[in-house]
Amino acid sequence: MKEKLQSIREQAIADIENSANLETLNEVRMSILGKKGELSAVLKGMKDVAPEDRPKVGQWVNETKEAIESALDEKKKMLEEEKLRLRYESEKIDVTMPAEQRAHGNLHPITQVRNQLTDIFGSMGFEVYEGAEIETDYYNFTALNTPQDHPARDMQDTFYLSPEFLLRTQTSAGQIHVMEAKKPPIKVISPGKVFRSDDDATHSPMFTQMEGLVVDEGITLCDLKGMLDEFVQEIFGKGTTTRLRPSYFPFTEPSVEVDVSCFQCGGKGCKLCKGTGWIEVLGAGMVNKKVLEGCNIDTDVYSGFAFGIGVERIAMLKYGINNIKLLFESDLRVLKQIDD
Ligand code: DAH
């Protein structure tokens, strides 16, 4: 009996040692201690042992069982620790590894400038009105004091879709829609695409404008000048100022051409400002009374100013681009460089 127990014990210890994982170890446990296990078979045989030998044999069986159980427990602990270690090993993160480089896109320069302008005017309290790219001749010209036979129509080569409909040549058309829909006080900007049959290094048949319109009681040219000075400092940098030169637009009276002091040379004269210290940036003026009256706005009470900014022109000045085509050719080498 003693030998039998001894051999069970040795075999068990060897099997436990050789178990490579918890599943195998459990199989070993069942084969010895399980209901149909070897040691259970020995215990069942106890009834054949002489009564006087039973205590001693019982003690051997118990010792064997305990030895096997403690070997099993020890091995189990070891295998569990090993399993955990392998898991930690496989899940280890090296926080010092350089991050994976991801290519990211950026907004088109025109979108960037348009957003910058919208943010600046938004912070001054302007609302945004987006008009339609297809307009009627009335909104694009007639209501803006430019009737059919007006010579100012020649200033803009128009793409007509029919005698009545056209691709808007200016976001100024939005002024009329806004004034028809809303009573003063009015303070809106209207950004969008405009179209003209025009094509050279600084002109494109499709380009972007941002119109501005303010109508309220007591609005003067001084309000326009003050707002423009604020605006150019935001977009071109502190210390930049504006000057107004007389000009002509049918829908404003008086009309002005707005120059900005050269932000590259500070006014001393350089290539960018062609030695003059000033750069022309936009057109503006006091809204022509005829235009206000056409929209049923009482000109004895209200006055207003308007301005029109060329978004491509601002982008070209800001980023030193000398050909407008570079903005429309989708050349990533160009577009990637502009990410403000
Ligand atoms: N619509 C003009 C153009 O496209 C620009 C302009 C000039 C807009 C003066 C205005 C303005 O609102 O007051 O050339």
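Refer to the structure printed above.
Calculation notes
Residues numbered from 1 in each chain as written. Predicted model: local features only at pLDDT ≥ 70, side-chain atom pairs only at ≥ 80, totals over all residues. Heavy atoms only, no water. Helix = DSSP H or I, 4+ residues; strand = E, 2+ residues; numbered from the N terminus. Buried < 20%, exposed > 50% of the residue type's maximum accessible area, 1.4 Å probe, protein only. Lys, Arg positive; Asp, Glu negative; His and termini not counted. Charge placed at Lys NZ, Arg CZ, Asp CG, Glu CD. Patch = residues over 30% accessible without salt bridge, like charges linked within 9 Å, V, L, I, M, F, W, Y side chains within 5 Å. Areas by Shrake-Rupley, 256 points an atom, 1.4 Å probe, with all protein chains shown as cover. Salt bridge = Lys/Arg side-chain N within 4 Å of Asp/Glu carboxyl O. Near = heavy atom within 4 Å. Polar contact = N/O pair within 3.5 Å; in protein donor to acceptor, adjacent residues only side chain to side chain. Pairing = 2+ DSSP bridges. Axes fitted to C-alpha atoms, helices over the stretch in contact; angles between N-to-C directions. Parallel < 35°, antiparallel > 145°, perpendicular 65-115°, else oblique. Left-handed = near helix turned anticlockwise from the far one by under 90°. Contact = heavy atoms within 4.5 Å. Expected span 1.5 Å × (residues − 1).

Student: Looking at this structure, I do not really get the overall build of the protein. What am I missing?
Tutor: A tally of regular secondary structure across the protein gives 11 helices and nine strands. Structurally, the protein occupies a C-alpha span of about 135 × 45 × 40 Å along its principal axes. Taking all 340 residues of the protein together, 41% fall into the buried category. Averaging the locations of the 41 positively and 55 negatively charged side chains of the protein gives two centres separated by 7 Å.

Student: Can you walk me through a negative patch on the surface in this structure?
Tutor: A cluster of acidic residues, D154, D157, D198 and D200, forms a negative patch on the protein surface. Mapped onto the secondary structure, D198 falls in the loop between β4 (186-195) and β5 (206-217). Overall, the relative accessible area of 31% leaves D198 in the partly exposed class.

Student: Mind showing me how you'd approach the site of the ligand here?
Tutor: The full set close to the ligand counts 16 residues, and Q170, S172, R196, Q209 and E211 are the nearest of them. Between Q209 and the ligand, the recorded distance is 2.8 Å, taken from a side-chain N or O atom to an oxygen atom. F307 is positioned with one of its backbone polar atoms (N or O) 3.3 Å from an oxygen atom of the ligand. In isolation the ligand has 350 Å² of accessible area, and contact with the protein removes 91% of it. Residue assignment for the shell around the ligand shows that the elements contributing at least two residues are β5, β8 (278-287) and β9 (302-310).

Student: What should I look at first to understand the pairing of β5 in this one?
Tutor: Successive side chains on a regular strand alternate, one facing one side of the sheet and the next facing the other. Among the 12 residues in β5, nine count as buried, and that is most of the element. Alignment of β4 against β5, held across 10 bridges, turns out to be antiparallel. By the bridge assignment for β5, I186 is matched with V215. Pairing between β5 and β9: nine bridges, direction antiparallel. By the bridge assignment, G212 is partnered in β9 with F307.

Student: I keep staring at the packing of helix α5 (residues 109-123) against helix α8 (residues 221-236) and nothing clicks. Help me out?
Tutor: Helix packing for two helices is described by the angle between their axes and how far apart those axes are. Axis separation between α5 and α8 bottoms out at 10 Å; the angle between their running directions is 135 degrees. On the basis of their axis angle, the class for α5 and α8 is oblique. Crossing hand, α5 versus α8: right-handed. Of the residues in α8, those in contact with Q116, L117, I120 and F121 of α5 are M227, F231, E234 and I235.

Student: When you look at helix α4 (residues 54-91) in this model, what are you seeing that I'm missing?
Tutor: Within an α-helix, residues lying three or four positions from one another point in the same direction, as the helix has 3.6 residues per turn. Under the 1.5 Å per step criterion, the end-to-end length of α4 is 54 Å for 38 residues, consistent within 8% with the ideal 56 Å. Taken residue by residue, α4 has V57, G58, V61, T64, A67, I68, A71, L72, K75 and L79 as its buried positions. The inward-facing, buried residues of α4 abut α1 (2-18), α2 (22-33) and α3 (38-44).

Student: It is not clear to me how the side chain of N140 should be interpreted in this structure. Could you clarify?
Tutor: Tracing the sequence through the fold places N140 in helix α6 (residues 137-140). Overall, N140 belongs to the buried group, its relative accessible area being 0%. Those residues in contact with N140 that sit more than four places away from it in its chain are E135, Q156, L166, R168, T169, Q170 and A173.

Student: Would you mind showing me how to read the pattern of salt bridges here?
Tutor: Close approach of charged atoms lets side chains of opposite charge pair. All told, the structure shown has 12 salt bridges when counted by the stated rule. Across the pair R29 and D73 runs a salt bridge whose closest N-O atoms are separated by 3.7 Å. Of this pair, R29 sits in helix α2 while D73 sits in helix α4; the two residues are 44 residues apart in sequence, bridging distant segments of the chain. Ionic pairing is found between D199 and K325, a salt bridge with its closest N-O pair at 2.8 Å.

Student: Would you mind showing me how to read unusual backbone geometry here?
Tutor: Most peptide bonds are trans, and most residues other than glycine sit at a negative phi. Cis geometry is found at the peptide bond from P184 to P185, where omega equals 5 degrees. Note that P185 resides in the loop between α7 (173-181) and β4. A cis amide bond links E253 to the next residue, P254, at an omega of 0 degrees. Its place among the elements puts P254 in strand β7 (residues 252-261). The backbone of K274 shows a phi angle near 50 degrees, a positive value even though the residue is not glycine. Here K274 falls in the exposed class, since its relative accessible area comes to 73%. Notably, N296 is not glycine yet its phi reads approximately 60 degrees, a positive angle.

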